Amino acid sequence: MALEYGSTKRAMMTFTVGALFGGVVAMLVVSSEVLMDGVNKPLPNDGLRRQSYIRALQETVGDLTLQAGRDQGQGYFDTIESEAFMQGGEDIPVTGPPPPLKVTSPTEFQALNKGKEKSRVRVLCWVLTDPENHDSKALPAYDTWASKCDRTLFITTKSHSFLPTVVLNVTEGRESLLQKSIHAFKHVYEHHLDEADWFLKADDDTYVIMENLRHFLSNKDPEEPVYYGFRFNSIRPDTKNGYMSGGAGYVLSREAVRRLVTQGMDDPRKCRLHSKAPEDLEIGRCLEKAGVLAGDSRDEEGRQTFHCLSLQDHVLGNLPEWLHRYSTYPVKSGPDCCSKHTISFHYTEPIMMYVLDFAIHHIRPYGQCDRKD
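No experiment lies behind these values; they were computed from the predicted model shown. (Residues numbered from 1 in each chain as written. Predicted model: local features only at pLDDT ≥ 70, side-chain atom pairs only at ≥ 80, totals over all residues. Heavy atoms only, no water.)

Some remarks on the pairing of strand 13 (residues 250-253)
Side-chain alternation along strand 13 places Y250 and L252 on one buried face and V251 and S253 on a second face that is also buried. Sheet topology places strand 8 (residues 198-203) next to strand 13; four bridges connect them, and they run antiparallel. In the strand pairing of strand 13, K201 is matched with Y250. Pairing of strand 10 (residues 226-228) with strand 13, which is carried by two bridges, proceeds in the antiparallel orientation. (Buried < 20%, exposed > 50% of the residue type's maximum accessible area, 1.4 Å probe, protein only. Helix = DSSP H or I, 4+ residues; strand = E, 2+ residues; numbered from the N terminus. Pairing = 2+ DSSP bridges.)

What follows is the structure, given as structure tokens:
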């Protein structure tokens, strides 16, 4: 009888533990499906209401439209005033993943830095994107790091209500990245050269820590012809100084932009404007021919500050063989992968934009909050 009781008791315990385990697994599966459902499924046409992220008309810079002849490569710019899309403070629907936190808006950022213009490093950021990625990638970038630039431009082929866009008349696709970049540099040179000291190019899946970029540039002269980024060795014999990864982002001095446009792009012997080569490689070649130096962006301990892969790839060591082969400087993983004043990461998922922004700006280890470095 005791044996039977013991067996029954063990059976009941086994059943109870199994039921609890099964319930936990089921909850995790359901939670995971719900989370992924919110990330991957298309949103309804009326979008999501995001009061804290709605930008009023005065917070935008308007849409800058470029009509460029496809064959001639010539174009003209026309500033189009944005229509008033907010009345009486009402929030309006926008598409894209719901932001989990409040990020400093462009207006708030400018107010915080009012009066510091003479001491701050002024950075204009232009970001390559396309209409398909406006809501899913470009908007998270603008909600987080890109709104901290002194001027932000999204280079695309269609305007967007909440993004400051430069609209180009080109065909979208990887083969058009060079043309989009050329038009972007020409537009910046013709319309914004005096508004910034440095000019950052990034992709819509690049995450940039603007505070660290300004710190890096603070002791450098924008009148020197130089640019910085994650440096690759060129496989082409006519580009001796290498070039900077486009995905990691690269930043040009004011003089570098001036020379790129006036001494490079105006001379077909220096810049092949219709080349089928990758955008970053061809821009690097053009900059070298225009007399612009490829600078060293590593920190004092030799660690990289610009990164052409994601944060997790660099930390966990998921580094492809080609990266070691073509990188100008040694590439490391783990704690030594990245400078403590790291500037950028590529291949950043939209949700990770918000996670990184929150972790970087709102979490500090106890005892290190007041350190000045």
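Some thoughts on the nonpolar core
Of all hydrophobic cores here, the largest spans 72 residues; its most connected members are W145 and L213. Of the residues forming this core, the biggest block, six residues, is contributed by strand 5 (residues 123-128). (Core = buried A, V, L, I, M, F, W, Y, C linked by side-chain atoms within 4.5 Å.)

Concerning the packing of helix 3 (residues 134-143) against helix 10 (residues 350-362)
Closest axis-to-axis distance for the helix 3/helix 10 pair is 8 Å, and the angle between their directions is 10°. The orientation of helix 3 relative to helix 10 falls into the category roughly parallel. Residues S136, K137, P140, A141 and D143 of helix 3 form the contact with helix 10, whose own contacting residues are P350, M353 and Y354. Class assignment of the residues belonging to the contact of helix 3 with helix 10 gives a composition of five nonpolar, one polar and two charged. (Axes fitted to C-alpha atoms, helices over the stretch in contact; angles between N-to-C directions. Parallel < 35°, antiparallel > 145°, perpendicular 65-115°, else oblique. Contact = heavy atoms within 4.5 Å. Nonpolar A, V, L, I, M, F, W, Y, C, P; charged D, E, K, R; others polar.)

Some remarks on helix 4 (residues 177-191)
Taking 1.5 Å per residue as the helical rise, helix 4 with its 15 residues ought to reach 21 Å, and the 21 Å between its terminal C-alpha atoms agrees with that figure. The buried fraction of helix 4 is high, at 11 of 15 residues. Restricting attention to buried positions, one finds in helix 4 the residues L178, Q179, K180, S181, I182, H183, A184, F185, K186, H187 and V188. (Expected span 1.5 Å × (residues − 1).)

Looking at the packing of helix 4 against helix 6 (residues 254-265)
For the pair helix 4 and helix 6, the least separation of the axes is 9 Å and the interaxial angle reads 115°. In the crossing of helix 4 with helix 6, the sense of the turn from one axis to the other is left-handed. Here helix 4 contributes I182, F185, K186 and Y189 to the contact with helix 6, which in turn contributes V257, R258, L260, V261, T262 and M265. The class makeup of the residues in the contact of helix 4 with helix 6 is seven nonpolar, one polar and two charged. (Left-handed = near helix turned anticlockwise from the far one by under 90°.)

Observations concerning the state of the cysteines
Following the criterion strictly, the structure yields three disulfides and no others. The partner cysteine of C125 in its disulfide is C149, sulfur to sulfur 2.0 Å. Taking the sign of the torsion about the S-S bond as the criterion, the disulfide between C125 and C149, at about -90°, is left-handed. Here C149 lies in the loop between helix 3 and strand 6 (151-156) and C125 lies in strand 5, a separation of 24 residues in the sequence. (Disulfide = S-S within 2.5 Å.)

Comments concerning the environment of M210
Looking at where M210 falls in the secondary structure, it is placed in helix 5 (residues 210-217). The residues contacting M210, other than those within four sequence positions of it, are V123, C125, W145, K148 and C149.

Here we look at the side chain of D205
Within the secondary structure layout, D205 lies in the loop between strand 8 and strand 9 (207-208). Despite being buried, D205 has no salt bridge partner; K137 is the closest side chain of opposite charge, sitting 4.5 Å away. Side chain to side chain, D205 and H346 meet in a polar contact 3.0 Å long. Beyond its immediate stretch of four places on either side in the chain, D205 contacts F345, H346, Y347, T348 and M353. (Lys, Arg positive; Asp, Glu negative; His and termini not counted. Salt bridge = Lys/Arg side-chain N within 4 Å of Asp/Glu carboxyl O. Polar contact = N/O pair within 3.5 Å; in protein donor to acceptor, adjacent residues only side chain to side chain.)

Details of the pairing of strand 8
Burial within strand 8 is extensive, with six of its six residues counted as buried. Where strand 5 lies against strand 8, six bridges are found, and the strand directions are parallel. Residue V123 lies in a different strand from strand 8, and its bridge partner there is W198.

So, the confidence of the model for the chain
On average, the chain scores 76 in pLDDT, and the residues at 70 or more come to 67%. A low-confidence stretch, residues 1-11 (pLDDT under 50), is modelled with zero contacts involving residues beyond four sequence positions or located in other chains. Every residue in residues 24-104 scores below 50 in pLDDT, and together they form 136 contacts with partners more than four places removed in sequence or on other chains. (pLDDT = per-residue confidence, 0-100.)

Focus on unusual backbone geometry
The backbone phi angle of Y347 is positive, close to 50°, even though this residue is not glycine. Tracing the chain through its elements places Y347 in the loop between strand 15 (344-345) and helix 10. Since its relative accessible area comes to 45%, Y347 is described here as partly exposed.

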